[in-house]
Structure formats: structure tokens, C-alpha cells
Amino acid sequence: MKALKTFFKPLQPTIGASYSGMVLYKEYKPYTALSEYVYCFWKLRSIRLLQNPFLYRVVSDGCIDILIDTKERRTFITGFSKQYVEYDLGRSFEYVGARFYPFMFPLLFGISAENVVNRFLNLEVVLPELDRNIKSRLEEKVNSDALLAMLSKVLSSYISKERSLYSLDPRFSKAVDQMLQSGGNIPINQLDLAVSQRQLRRFFQFYFGESPKVFSKVLRFQNILNAKPSQQSLTSEKVFYDKGYYDQAHFIRDFKKFYGVTPTEAFGR
């Protein structure tokens with residue numbers, strides 16, 4: 001699936017200016033050994049005690065994340081969500097995590113994405129061995145940078161031990177590459193498929209957790225986030241035609257479902 005790293009960059013909203021100096025979110029590129037599987041490592045923490053609970057918005061990005069609550073010393077897995085989600089993190093928090101590219105978590109661990117899609121679960125429920133490996137390395141007092149290094153080392157060990165025993169069917173990879181290169185704009189029935197559409201849906205259910213149509217919508221949405229359109233382009237109708245939407249109402253409806261606010265509110269300058 002060569003086009004994945006080239007054509008897909010899953011973005012999350014930045015922390016608003018009103019929380020500058022109070023909340024930090026930062027992403028880190030993975031080591032080479034993990035770069036085919038992991039888009040980024042990240043940390044999210046409060047810099048000081050907040051006056052009010054912090055609501056953190058996560059938008060649809062097609063990814064599966066493993067995360068560690070460093071204060072509670074708990075591990076979680078969160079699957080791709082078909083719509084935005086808001087988490088109440090309280091007034092003091094620190095999390096570190098790894099964000100997997102679409103399709104890559106099931107490829108590495110053999111766990112169907114259907115098991116975690118639209119869900120936030122304790123990691124021990126889904127992958128008890130991985131959970132034990134992480135928790136056995138959680139020291140009593142350790143900073144977030146050391147935790148990220150530890151998480152990277154644990155995940156790398158699953159590759160070095162050749163735990164990636166699953167391979168993507170080349171027919172599936174070919175279809176996904178076409179979708180990525182088109183930005184999600186090519187209709188599913190126009191893909192150059194070597195499998196039936198029913199088989200393609202089965203592939204997507206296992207590796208993505210949802211249908212090819214939903215993946216196309218996520219691609220279009222994420223491409224818009226990456227484009228950072230101006231207010232003028234949002235009102236001129238050009239942006240939604242360029243990204244494969246047939247009309248502005250359809251564009252706004254999908255965007256609000258995935259992001260939680262309208263495009264004008266999201267890109268307000």
C-alpha cells in the first residue's frame with residue numbers, strides 16, 4: 001500500500017489559542033522501523049491546573065490509537081470514529097500515545113478493526129499481551145518523553161519478532177491505492193477491481209472497521225483539513241467541488257459530522 005504515506009496525513013485540530021500556555025499537544029515522527037505502521041507518537045498534557053475541565057475534541061481520521069494515561073497508569077485503545085468525539089479530561093491530565101495509519105493495526109496484530117471502531121476500550125480487553133508488555137515497563141515515576149520511548153520500543157519489538165504475520169491482499173492494496181490517489185473522489189463502482197465489491201467490503205470491515213464509502217468520506221474530509229481553505233474558497237463553492245462533493249449542503253453536513261462545527265467555524269480567521 002505504497003500510496004498511504006504519500007497521500008494520507010491524518011490531522012487533528014490544534015489546541016485553541018485560549019489554552020495557550022495551559023495545554024500542550026505535540027506529535028513526534030516514529031522511528032524508521034515503525035514508520036510503515038505508525039503515523040505519529042503524541043503527547044497531550046495540562047501544563048498547569050486548569051480552572052475548568054478541558055474538553056478535547058477528536059475528529060475523524062480513520063486511525064486507531066493506543067494511549068497511556070500517565071497519571072492513572074492505565075492503557076487504552078481507541079478505534080476510528082465515524083463522527084467527532086469530545087472527551088472530558090478534567091483539570092489536570094497527561095496522556096501519551098501512538099496513532100496507527102488506517103489498516104496497519106489489524107495488519108500488525110491480526111485484530112479486526114471492527115472490534116474497536118467507534119469505541120474507547122481498555123487495552124487489556126483487546127490485546128492482553130501488549131497491555132502486559134506496556135504495563136510491565138511503567139515505572140513509578142517517569143516523564144512523558146521516556147514513556148514515548150518505551151512505547152516505541154515495545155511496538156518495535158512486535159515487528160522485530162516478526163509478529164506481523166498478516167499480509168494485505170494485493171487486490172485490496174490496489175483498490176486502496178486508487179482511492180488514496182484520487183483523494184476519495186473515485187466512485188467505488190468505478191475502481192479497477194480484481195475482487196467483487198462484496199469481497200472489497202469484507203476487506204474494509206476487517207482492516208478499517210467500516211465500508212469503502214466511509215473511508216472515501218474520511219479521505220475527502222482529511223484532505224480538506226490539510227488544504228486549510230480560505231473563507232473565500234469556502235463561499236465560492238470551489239473547495240467542495242474540488243474535493244468530490246456534489247453540493248455545498250452535502251459538504252457542510254459531512255464536515256460537521258466529522259469535525260463537530262461547520263467549515264466556516266473550523267477555518268475562521
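Before going into details, it helps to say that this report is about the structure given with it. Note that the structure is predicted; figures quoted are calculated from it, not measured.

**Thoughts on the packing of helix α6 (residues 170-181) against helix α7 (residues 197-207)**
Packed helices, taken two at a time, are described by the angle their axes make and the gap between the axes.
No. 1: At their nearest, the axes of α6 and α7 sit 10 Å apart, and the two run at 85 degrees to each other. As summarised for this structure, α6 and α7 are arranged roughly perpendicular, according to the angle between their axes. Of the residues in α7, those in contact with Arg171, Phe172, Ala175, Val176 and Met179 of α6 are Leu200, Phe203, Phe204 and Tyr207.
No. 2: Of the residues belonging to the contact of α6 with α7, the class tally is eight nonpolar, no polar and one charged.

**Re the pattern of salt bridges**
No. 1: Applying the stated criterion across every chain yields a total of eleven salt bridges.
No. 2: For glutamate 36, the salt bridge goes to lysine 5, with nearest N and O atoms at 3.6 Å. Highlighted residues: glutamate 36 in the loop between β1 (23-28) and β2 (38-46) and lysine 5 in helix α1 (residues 3-7), separated in sequence by 31 residues.
No. 3: Taking the relative accessible area as the measure of exposure, lysine 5 reaches 39% and is therefore partly exposed.
No. 4: Arginine 57 is the salt-bridge partner of glutamate 86, the closest N and O atoms lying 3.4 Å from each other. Taken together, the residues glutamate 86 in strand β6 (residues 85-88) and arginine 57 in strand β3 (residues 55-58) connect sequence positions 29 residues apart.
No. 5: Via salt bridges that share partners, Glu27, Asp61, Asp65 and Arg99 belong to a single interconnected network.

What counts and what doesn't
Residues numbered from 1 in each chain as written. Predicted model: local features only at pLDDT ≥ 70, side-chain atom pairs only at ≥ 80, totals over all residues. Heavy atoms only, no water. Axes fitted to C-alpha atoms, helices over the stretch in contact; angles between N-to-C directions. Helix = DSSP H or I, 4+ residues; strand = E, 2+ residues; numbered from the N terminus. Parallel < 35°, antiparallel > 145°, perpendicular 65-115°, else oblique. Contact = heavy atoms within 4.5 Å. Nonpolar A, V, L, I, M, F, W, Y, C, P; charged D, E, K, R; others polar. Salt bridge = Lys/Arg side-chain N within 4 Å of Asp/Glu carboxyl O. Buried < 20%, exposed > 50% of the residue type's maximum accessible area, 1.4 Å probe, protein only.

All we've got here are geometric facts, nothing functional implied.
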